[in-house]
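Spelled out, the chains give:
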There are 2 protein chains.
Amino acid sequence: MPKPPISRRLAEAAVTLFDENGYDETTVDDIAARAGVSRSTFFRYYRSKEDAIFPDHDALLARIDARLRASTADTAIVAITDAVRIVLAHYVDDAEVSLRRYRLVRRVPALRDREIASVARYQRLFREFVGEWLDDSPDAGLRAELMAASVVAAHNQVLRGWLRAGGTYDPSGPLDHALGYVIATFRHLEQPQEHGEQVIVAAFPRTASPQAVMAAIRRHLDARPPSS
Amino acid sequence: MPKPPISRRLAEAAVTLFDENGYDETTVDDIAARAGVSRSTFFRYYRSKEDAIFPDHDALLARIDARLRASTADTAIVAITDAVRIVLAHYVDDAEVSLRRYRLVRRVPALRDREIASVARYQRLFREFVGEWLDDSPDAGLRAELMAASVVAAHNQVLRGWLRAGGTYDPSGPLDHALGYVIATFRHLEQPQEHGEQVIVAAFPRTASPQAVMAAIRRHLDARPPSS
DNA sequence: CAGCGGACGATACTGAGTACCGTATCTCTG
DNA sequence: CAGAGATACGGTACTCAGTATCGTCCGCTG
């Protein structure tokens, strides 16, 4: 039975000691000793003390990047939702670690700031990706920014709900719901405009009969100003 | 002519030295000496080396908090847009410092992370505020999260455009435009739902004939799952 | 005046983080 | 096989951000 890799042992030691003794009271020497390696080795594996409890961040970023790169504009929405699911699954697959980390991050400002910086990296990746997908219309930059921020915000909302509830349910349903909300919000703004023609939006009850829908739309069309 | 307050002298010394010598190459002793005070005094005014170039963050947060608290649900959108304008004006009013800081932050990861954490604090403030404003519907939390993230993202987009252009124009027009976009996006989702009925959103070319619209909607309705 | 509180400087210390060197191990090549 | 090179690790010295403490000075109040 081979020992787990050093990086994992260090991460486990860090979370355990932070839990037992507190973040500020735990030194890097303590962590290294608990993992059975030297302090130098700690800094070979982690850039800083804070990074030890986010051991998979770079790998996860790389996975997301790969997933996004494997898509085209046609499959972009699927790719983004997949990428977000990859992130959430990462937390859910190791719920115990995620819950411990969550409790730590809530208590320690330095870890909170680190996590925020990590999330910003996901967001930047999404934004760059969405920016490539959007055309060069005047608001493309703004839309990319907004969509990336919204996707990440939705994910965080779902994740935090799951963590707050102690990881007791499968959060993929709520994530689908939240992403659907985001996508619905932005999709109506993403419809390609057909050669300068304008698009109108009409909303009506889901249970409306085709006749009722038609009547509502006719009213709407009758009320619009003459097209230029 | 009284000397400027110590906190300002320290902040100015920090930015100047970071510019001249680099962030990592500048010590807290250097900054304190340049400002004519001791190192102890530096840490009396700033919690950390990084904080020295964000001297007004807490004061700005307090102003925003006050502005938001002075509003009601009826004036909430105005309050949020005012709060965002307060943030932007803060940068614009001292453009030279903002531009120097921008250049520093782009070059130094530690400062970038610090800025990201600062922005997250604004966002949290907005979210809490929006959360109070929204009713207790199932998606209220999600909506508050999304709106706060969007407002902040829009502001950042505008601010970064202004900074990238060297602060050469008044960014309040673009900010109004971006906020208008965000508010339009969310306003249509804030329409009251009629007694538990679901709403679908359909978009179609403005010039579509009623018959074409009807055909498109019929296809959509035929494709939906049975309503529960 | 004396006493108090607050601001500041100086000093000692801790621990995160960096740089460097030596040693051990492994792999590859002749 | 031996030797060379690469790699991983431990140990050590160091820097500097950040913390705690103490002493001094100054301004204010009674």
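Quantities reported herein were computed from a predicted structural model and do not represent experimental measurements. (Residues numbered from 1 in each chain as written. Chains lettered and ligands numbered in written order. Predicted model: local features only at pLDDT ≥ 70, side-chain atom pairs only at ≥ 80, totals over all residues. Heavy atoms only, no water.)

Section: the pattern of salt bridges
Summed over all chains, the structure comprises 32 salt bridges over all chains. Note that Asp51 of chain A and Arg114 of chain A form a salt bridge whose closest N and O atoms lie 3.2 Å from each other. Taken together, the residues Asp51 of chain A in the loop between helix 3 (39–45) and helix 4 (57–69) and Arg114 of chain A in helix 7 (residues 109–133) connect sequence positions 63 residues apart. Note on accessibility: Asp51 of chain A and Arg114 of chain A belong to one class, buried. Measuring nitrogen to oxygen at the nearest pair gives 3.9 Å for the salt bridge that ties Arg121 of chain A to Asp113 of chain B. Of this pair, Arg121 of chain A sits in helix 7 while Asp113 of chain B sits in helix 7 (residues 109–133), on two different chains. (Salt bridge = Lys/Arg side-chain N within 4 Å of Asp/Glu carboxyl O. Helix = DSSP H or I, 4+ residues; strand = E, 2+ residues; numbered from the N terminus. Buried < 20%, exposed > 50% of the residue type's maximum accessible area, 1.4 Å probe, protein only.)

A few points about the packing of helix 6 (residues 95–107) of chain A against helix 8 (residues 140–164) of chain A
Residue and element names in this part refer to chain A. Two elements in contact, helix 6 and helix 8, have axes separated by 10 Å at closest approach and are oriented at 95°. Judged by the inter-axis angle, helix 6 sits roughly perpendicular to helix 8. For the pair formed by helix 6 and helix 8, the contact residues are Ala95, Ser98, Leu99 and Tyr102 on the first element and Arg160, Trp162, Leu163 and Arg164 on the second. Class assignment of the residues belonging to the contact of helix 6 with helix 8 gives a composition of five nonpolar, one polar and two charged. (Axes fitted to C-alpha atoms, helices over the stretch in contact; angles between N-to-C directions. Parallel < 35°, antiparallel > 145°, perpendicular 65-115°, else oblique. Contact = heavy atoms within 4.5 Å. Nonpolar A, V, L, I, M, F, W, Y, C, P; charged D, E, K, R; others polar.)

Side note on the protein's contact with DNA strand C
Near DNA strand C there are 16 residues, and of these Arg39 and Lys49 of chain A together with Ile6, Ser40 and Thr41 of chain B occur at the shortest range. Sugar and phosphate atoms form 48% of the subset of DNA strand C atoms that lie within 4 Å of the protein. Within the contact set of DNA strand C, a base nitrogen lies 2.7 Å away from a side-chain nitrogen or oxygen of Ser40 of chain B. Note that a base oxygen of DNA strand C is positioned 2.9 Å from one of the side-chain N or O atoms of Arg44 of chain B. Taken together, the elements giving at least two residues each to the surface near DNA strand C come down to helix 3 of chain A together with helix 3 (39–45) of chain B. Partitioned by chemical class, the residues of the surface near DNA strand C number five nonpolar, eight polar and three charged. (Near = heavy atom within 4 Å. Polar contact = N/O pair within 3.5 Å; in protein donor to acceptor, adjacent residues only side chain to side chain.)

Some thoughts on the UniProt feature "DNA-binding region" (unreviewed entry) in chain A
The sites that carry the UniProt feature "DNA-binding region" (unreviewed entry) are, in the present numbering, residues 27–46 of chain A. Annotation note: span residues 27–46 of chain A, helix share 75%, strand share 0%, distance between end C-alpha atoms 14 Å. (UniProt positions renumbered as here; feature names shortened; annotations may be inferred.)

Observations concerning the protein's contact with DNA strand D
Around DNA strand D, the structure places 16 residues, and the nearest of them are Ile6, Ser40 and Thr41 of chain A together with Arg39 and Lys49 of chain B. Within 4 Å of the protein, the atoms of DNA strand D are drawn from sugar and phosphate moieties in a proportion of 48%. Contacts to DNA strand D include Ser40 of chain A, whose side-chain N or O atom sits 2.6 Å from a base oxygen. One of the backbone nitrogen or oxygen atoms of Lys49 of chain B is found 2.5 Å away from a phosphate oxygen of DNA strand D. Taken together, the elements giving at least two residues each to the surface near DNA strand D come down to helix 3 of chain A together with helix 3 of chain B. Broken down by element, the surface near DNA strand D gets its largest block of residues, four residues, from helix 3 of chain A.

What to know about the packing of helix 4 of chain A against helix 5 (residues 76–93) of chain A
Residues and elements named next belong to chain A. With their axes 9 Å apart at the nearest point, helix 4 and helix 5 run at an angle of 160° to one another. The orientation of helix 4 with respect to helix 5, classified from their angle, is roughly antiparallel. Crossing handedness for the pair helix 4 and helix 5: right-handed. Counting all contacts with helix 4, which are made through Leu60, Arg63, Ile64, Arg67 and Leu68, the residues of helix 5 involved are Val78, Ala79, Ile80, Asp82, Ala83, Ile86, Val87 and His90. Class assignment for the residues of the contact of helix 4 with helix 5 results in nine nonpolar, one polar and three charged. (Left-handed = near helix turned anticlockwise from the far one by under 90°.)

Considerations on the side chain of Thr41 of chain A
Residues and elements named next belong to chain A. Along the chain, Thr41 falls in helix 3. Assessed through its relative accessible area of 13%, Thr41 is described here as buried. If near-sequence neighbours (up to four positions away) are discounted, Thr41 is found in contact with Ile6 and Leu10.

Quick notes on the nonpolar core
Counting residues in each nonpolar core, the largest one holds 86 residues, and the members touching the most others are Ile64, Leu68 and Phe126 of chain A together with Ile64, Leu68 and Phe126 of chain B. Not counting the four nearest positions on each side in its chain, Ile64 of chain B is found in contact with Ala83, Ile86, Val87, Tyr122, Leu125 and Phe126 of chain B. (Core = buried A, V, L, I, M, F, W, Y, C linked by side-chain atoms within 4.5 Å.)

Looking at helix 2 (residues 28–35) of chain A
Residue and element names in this part refer to chain A. Here helix 2 has its buried residues at Val28, Ile31, Ala32 and Ala35. Taken around the axis of helix 2, the buried residues stretch over an arc of 95°, which confines them to a single face. On its buried side, helix 2 packs onto helix 1 (6–21) and helix 3. Of the residues flanking the end of helix 2, it is Gly36, one or two places downstream, whose phi is positive at about 75°. (Arc of directions from axis to C-beta.)

Things to note about the packing of aromatic side chains
For the coordinates displayed, the defined rule picks out six aromatic pairs over all chains. Summarising the aromatic geometry, the rings of Phe18 of chain A and Tyr23 of chain A are spaced 4.8 Å apart at their centres and angled 65° between planes, so their arrangement reads as edge-to-face. We classify Tyr23 of chain A as buried; its relative accessible area is 7%. A ring pair is formed by Phe42 of chain B and Phe43 of chain B, whose centres lie 5.1 Å apart and whose planes are at 85°; its orientation type is edge-to-face. Clustering of aromatic rings is evident, with ring pairs tying together Phe42, Phe43 and Tyr46 of chain A. Directly above the aromatic system of Tyr23 of chain A lies the positively charged group of Lys49 of chain A, at a separation of 4.3 Å from the ring centroid. (Phe/Tyr/Trp six-rings, centres within 6.5 Å; stacked < 30°, edge-to-face > 60°. Lys NZ or Arg CZ within 6 Å of the ring centre and 35° of its normal.)

A closer look at the environment of Arg69 of chain B
Residues and elements named next belong to chain B. By the element assignment, Arg69 lies in helix 4 (residues 57–69). You can call Arg69 exposed: its relative accessible area is 61%. Between the C-alpha atoms of Arg69 and Ala79, which are ten residues apart in sequence, the distance is 8.7 Å.

So, the environment of Arg164 of chain B
Take Arg164 of chain B: it is sitting in helix 8 (residues 140–164). Taking the C-alpha atoms as reference points, Arg164 of chain B and Arg103 of chain B, separated by 61 residues in sequence, lie 9.4 Å from one another.

Here's the deal with helix 5 of chain A
Because each turn of an α-helix spans 3.6 residues, side chains separated by three or four positions in sequence point in the same direction. Its 18 residues place the ends of helix 5 of chain A 25 Å apart at the C-alpha level, agreeing with the 26 Å of an ideal helix rising 1.5 Å per residue. If you check which residues of helix 5 of chain A are buried, you get Ala76, Ala79, Ile80, Thr81, Ala83, Val84, Ile86, Val87, Leu88 and Tyr91 of chain A. (Expected span 1.5 Å × (residues − 1).)

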